[in-house]
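Close look at the chain arrangement
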Amino acid sequence: MILTRRRTTILFFIIGLVVAMLAGWIAVPAALYESIEQPLGFSHVVHSSDDVGMECDDCHHLTSEGGFAGIPQIAVCVDCHEEAIGTSKDELKLVEEYIKPGREIPWLVYARQPDNAFFPHVRHTKLAKIPCKQCHGDHGQTKTLRPLKRNRFTGYSRDIWGHDFSGITTSPPWSMKMSDCVDCHRKRGVRDSCLACHK
Amino acid sequence: MTKTTPQKRYGMVIDIDRCDGCGACMVACSLENNVSVVPPEAGIHRGLTWIRVYSVTNEKEYPHSDTAYLPVSCQHCGNETPCVGVCPQSAVDVDPKNGIVSQIPERCMGCRYCMVACPYHARYFNWWDPVWPEGTEHLLNPGVTPRMRGVVEKCNFCHGRHHAAQERAASEGRSEIEPNEYQTACAEACPNGAITFGDLADKDSEVAKLAAGPESFQLLKTLGTGPKVYYLTQRGWVRDMAAKTPLPLDGQPDD
């Protein structure tokens, strides 16, 4: 009799645990983040392939003042895509909707930080020699653009807060939180005061 | 991969005998640091400015009367910094590598303990939502975040300019900035060249030489807060007064 009651207790405990875990790790993130598709399909692999032969910094370059230019403007695309290359749906959309009318493509930025964060790309890539993919993941090897997961309340990308709700993998490229920045700064013995990164 | 960077101590020397109280430093500072415009009823106690020009007189009759102007910003105290210890939010810290005292508005909860603790009245509270006159929004400096209502703000030695200088230096492959690459807006704007900004730890710098000179003094030195803003004057009464008594907030020209 006692044994049965204990079994029942354990069973309810396990069921409760599973339900709570599912809610916390799957249901809440699914409800919290809305999934937004990029305006256009884009393959990094095709552009960096031997056939096309572009380098990363052909599009994602630093300015002479050291600032990061980010995602390229349509002017860079026009160099090759003035006329449609091939007949894919995205190619035609690029030429008809953006290149011919001269409109910029409203790309969604996965790694946009809050306004009060100062992140000089040049100090990290040129001085500390940190490869882009350490924070951005192997984005240059992707064939398609994944949808942006945007927090419904704050508007920030899920790339910032982190994709893993279990908290096991909490470092770039899995998350780009302040604690991730601070961890790396302390490991390398560089400035970790508030004003080092906040403006 | 641990790098040792030279210890800097950024500081400022203000020559009171050169200051004629024009307020160009206040204007330049507000523009540089996106200080918002407060409504007219704010008065002197609820206004916003990161550097305030005080006027003090020797209280004597003409022809012996004399007036001095003291621009007072955050003094970036290097010893027992009063605002740091009282902040319940850790929104204030002293950068161990360059001595600049920060104020992080996103952490601030607006309790204003730091304003009480600061002996120099150098901290200001946002009583209103930040507004800028119509048409001037596009003049905002993208290197400085505007503050919201309900938080404290103060001088940080134009840290946005420090960021920009660091970024430029890094693009040339340097991890350290040269002294001439980083200046505060107030020092640049002063038409009389009364403000000198630089690294006090560098003994050859102009600011260190001036600070070590016989005419230099610190505000409320007896408190032992070790301010990194020094003042110069040949007038003994100004030195005696400013070293001992807090500057009077009432009776200022813009009150």
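Right, let's walk through the structure included here. Just so it is clear, the structure is predicted and the values come from calculations on it, not from any experiment.

Our focus in this paragraph is the overall build of chain A. Per the secondary structure count, chain A includes 10 helices and two strands. On C-alpha atoms alone, chain A measures out to a radius of gyration of 22 Å, which is more than a quarter above the 16 Å that the 2.2 N^0.38 rule sets for 199 residues. Taking the principal axes of the C-alpha coordinates as reference, chain A spans close to 80 × 45 × 35 Å. Per-residue burial over chain A gives 26% buried out of 199 residues. Intrachain contacts of chain A at a sequence separation of at least 6 include 62% that bridge at least 24 residues. Carbon and sulfur atoms make up 61% of the accessible area of chain A, which totals about 13200 Å².

In the structure shown here, the tally under the stated rule is six cavities of 30 Å³ or more. Put simply, the largest cavity is a space of about 170 Å³. If you go around the largest cavity, you meet 23 residues; those closest to its centre are Lys199 of chain A together with Trp50, Gln103, Val144 and Asn156 of chain B. Of the residues forming the lining of the largest cavity, the biggest block, three residues, is contributed by helix α4 (residues 159-171) of chain B. In terms of residue class, the lining of the largest cavity is made up of nine nonpolar, 10 polar and four charged. In this structure, the second largest cavity encloses a volume near 100 Å³. The wall of the second largest cavity is formed by 15 residues, among which Cys19, Cys22, Gly23, Cys25 and Cys190 of chain B lie closest to the centre. For the lining of the second largest cavity, the class distribution of residues is 11 nonpolar, three polar and one charged.

Our next topic: the side chain of Arg147 of chain B. Residues and elements named next belong to chain B. Inspection of the secondary structure assignment puts Arg147 in the loop between β4 (124-125) and β5 (152-153). Within the local environment of Arg147, its side chain forms a polar contact with the backbone oxygen of Asn34, the two atoms lying 3.1 Å apart. Polar side-chain contacts of Arg147 include one of 3.0 Å to the backbone oxygen of Thr145. Here Arg147 is in contact with Asn33, Asn34, Val35, Trp50, Pro105, Asn126, Pro130 and Glu153, once residues within four sequence places are set aside.

All names here are of chain B. One open sheet holds the four strands; their spatial order is β6-β1-β8-β7, and the pairing between them is mixed. Here the strands that pair on one side only, and so sit at the sheet edges, are β6 (195-199) and β7 (216-217). Judged from the two bridges that link them, β7 and strand β8 (residues 229-232) form a sheet pairing that is antiparallel. Paired with Ser216 across the bridge in β8 is Leu232.

Right, let's get into α4 of chain B. Since the α-helix advances by 3.6 residues per turn, residues separated by three or four positions end up pointing in the same direction. Over its 13 residues, α4 of chain B runs 19 Å from end to end, which matches the ideal 18 Å to within 8%, given 1.5 Å per residue. Along α4 of chain B, 11 of the 13 residues are buried, which leaves the element largely enclosed by surrounding structure. Every buried residue belonging to α4 of chain B is among His159, Gly160, Arg161, His162, His163, Ala165, Gln166, Glu167, Ala169, Ala170 and Ser171 of chain B, and all of these are buried. Close packing links the buried residues of α4 of chain B with α6 (121-127) and α10 (194-197) of chain A together with β1 (10-15), α1 (24-32) and α5 (185-189) of chain B. Gly173 of chain B lies just past α4 of chain B and shows a positive phi near 85 degrees.

Put simply, an interface is often sized by how much accessible area is lost when its parts join up. The interface is formed by 31 residues belonging to chain B together with 26 residues belonging to chain A. Buried area between chain B and chain A, summed over both chains or domains, comes out near 2400 Å², and the portion from carbon and sulfur atoms is 56%. Scanning the region where chain B abuts chain A turns up two salt bridges. When the shortest N-O distance is used, the salt bridge between Arg191 of chain A and Asp95 of chain B registers 2.5 Å. Across the contact surface, chain B and chain A share 13 residue pairs in polar contact (both at pLDDT 80 or more). Partitioning the side of chain B that touches chain A into residue classes produces eight nonpolar, 13 polar and 10 charged.

Cut-offs applied
Residues numbered from 1 in each chain as written. Chains lettered and ligands numbered in written order. Predicted model: local features only at pLDDT ≥ 70, side-chain atom pairs only at ≥ 80, totals over all residues. Heavy atoms only, no water. Helix = DSSP H or I, 4+ residues; strand = E, 2+ residues; numbered from the N terminus. Rg over C-alpha atoms; globule rule 2.2 N^0.38 Å. Buried < 20%, exposed > 50% of the residue type's maximum accessible area, 1.4 Å probe, protein only. Contact = heavy atoms within 4.5 Å. Areas by Shrake-Rupley, 256 points an atom, 1.4 Å probe, with all protein chains shown as cover. 1 Å grid on protein atoms, 1.4 Å probe; cavity = no way out; pocket = protein on both sides within 12 Å on 5 of 7 lines; lining within 4 Å. Points joined across faces, edges and corners; volume = space filled by probe spheres on them. Nonpolar A, V, L, I, M, F, W, Y, C, P; charged D, E, K, R; others polar. Polar contact = N/O pair within 3.5 Å; in protein donor to acceptor, adjacent residues only side chain to side chain. Pairing = 2+ DSSP bridges. Expected span 1.5 Å × (residues − 1). Buried area = accessible area lost by both parts, 1.4 Å probe. Salt bridge = Lys/Arg side-chain N within 4 Å of Asp/Glu carboxyl O.

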